[in-house]
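Summary of structural features
Each chain, written out:
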Amino acid sequence: MRVMFMGTPEFAVPTLEMLVNTEQVVAVITQPDKPQGRRMTLTPPAVKVFAEASGIPVYQPQTLKDKAILPLLDSCRPELIVVVAYGKLLPEYVLNFPKYGCINVHASLLPSYRGAGPIQWAVINGEKETGVTTMYMAKGLDTGDIILKRAIEILPEETAGELHDRLMVLGADTMRETLDLVKGGDVPAQKQDDSVSSYAPMLDKNIASIDFSKTAKEVHDLIRGLNPWPIAYSFYRGKKIKVFTSFIDSNIKLEPSIAAATDKGIAVGCGDGQAIIFTEVQLEGGKRMSANLFLVGHSVEPNESLKKLEG
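1. Quick notes on the side chain of T8
As for its position among the elements, T8 is in the loop between β1 (2-7) and α1 (13-22). Only 2.8 Å separates the side chain of T8 from the backbone oxygen of Y86, close enough to count as a polar contact. Not counting the four nearest positions on each side in its chain, T8 is found in contact with T30, Q31, P45, A46, V47, V84, A85 and Y86.

2. Overview of helix α6 (residues 160-184)
Given a rise of 1.5 Å per residue, 25 residues ought to cover 36 Å, and the 35 Å separating the end C-alpha atoms of α6 matches this to within 8%. In the segment just after α6, G185 is the residue with positive phi, at about 75°.

3. Thoughts on the pattern of salt bridges
All told, the structure shown has 14 salt bridges when counted by the stated rule. Between E23 and K183 there is a salt bridge, with the nearest N and O atoms lying 2.5 Å from each other. Linking E23 in the loop between α1 and β2 (24-29) with K183 in helix α6, this pair joins segments that are 160 residues apart in sequence. The exposure class of E23 is buried, given its relative accessible area of 11%. Taking relative accessible area as the criterion, K183 reaches 47% and is therefore assigned partly exposed.

4. A look at the layout of surface pockets
In this structure, the largest pocket encloses a volume near 1600 Å³. Taken together, 49 residues form the lining of the largest pocket, with P9, A85, G87, A116 and M202 sitting closest to its centre. Counting residues per element, the ones that place at least two in the lining of the largest pocket are β3 (34-36), β7 (102-106), α5 (118-124) and α6. At four residues, α6 tops the list of elements feeding residues into the lining of the largest pocket. The computed volume of the second largest pocket comes to approximately 410 Å³. Looking at the lining of the second largest pocket, the elements that each hand over two or more residues are β11 (239-249) and β14 (275-283). The element that contributes the greatest number of residues to the lining of the second largest pocket is β11, accounting for three residues. Tallied by class, the residues present in the lining of the second largest pocket amount to eight nonpolar, three polar and five charged.

5. Observations regarding the side chain of S257
Among the secondary structure elements, S257 is positioned in the loop between β11 and β12 (259-262). If we skip the residues at most four places from it in the chain, S257 touches F212, V268, G269, E304, S305, L306 and K307.

6. Let's talk about empty space enclosed by the protein
Under the criterion given, the structure shown has one cavity of 30 Å³ or more. Each pocket or cavity is described by its volume, and for the largest cavity that value is around 40 Å³. Contributing to the lining of the largest cavity are Y236, I241, I266, F278, F294, V300 and L306. Considering only residue class, the lining of the largest cavity consists of seven nonpolar, no polar and no charged.

Rules and cut-offs
Residues numbered from 1 in each chain as written. Predicted model: local features only at pLDDT ≥ 70, side-chain atom pairs only at ≥ 80, totals over all residues. Heavy atoms only, no water. Helix = DSSP H or I, 4+ residues; strand = E, 2+ residues; numbered from the N terminus. Polar contact = N/O pair within 3.5 Å; in protein donor to acceptor, adjacent residues only side chain to side chain. Contact = heavy atoms within 4.5 Å. Expected span 1.5 Å × (residues − 1). Salt bridge = Lys/Arg side-chain N within 4 Å of Asp/Glu carboxyl O. Buried < 20%, exposed > 50% of the residue type's maximum accessible area, 1.4 Å probe, protein only. 1 Å grid on protein atoms, 1.4 Å probe; cavity = no way out; pocket = protein on both sides within 12 Å on 5 of 7 lines; lining within 4 Å. Points joined across faces, edges and corners; volume = space filled by probe spheres on them. Nonpolar A, V, L, I, M, F, W, Y, C, P; charged D, E, K, R; others polar.

Worth remembering: the numbers are spatial, not functional.
Right under this line is the structure:
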């Protein structure tokens, strides 16, 4: 089958790899290269790197509006367009072009967690289960008819990054199943129930500040959900301290935001009377390290708060 692929980040690569091994991938469309890192080095998307290494033509249009890629569609003649985390809504002329439509792989069990941050928000919200959905694409945001859903358990200590790595493999497997249905001519299409939908917006750094008035589980889930980006943080003597990993200890009793040094890491009281234990941290201007190593060179005074100093 002639397939055009549209995707951008690492999450999309396993699905593209599967398509390269099973179908005729006629073109890859991805986002333009973007500056990254402290030096703002212009960096290609992961999908572009893989596609070029596989000898597939890559296109990086700034926009899809005004029929910008219609000449490309006409020349490539894709029978199916597969989309994984491309990052732009597809206009109607693209959606209507291929014989078998446009099929998206989304990292949630739709209609839950439509939007750009489904993996992270599932962890932040303490969900016990998530998965991937393949669906026909429509004009709305992740609103098309569902083809297949495959669920997995979210592990209690799992970070968003770890869950991401499992879901991107599951996404490729689910798309492979979906392709078999398309080729067999018997594709289920279940309309989504908008009344039970939820939205998972793109993450930003504004949500990363830890609120110790919340329960220890809410704090722990925030830390997990923001790893590997943007990383939850608190404050130590006026400096930002990033927190990469943690666990809950119900035996340590501290007032909210009050910290204590323990042999397990940095304990901080939360709003439900339990403590969160920071196990891996990075002080502003320093290196990422275990909390125990941090405590070798930094003291925690009695009743010391990890909240931001006022003023």
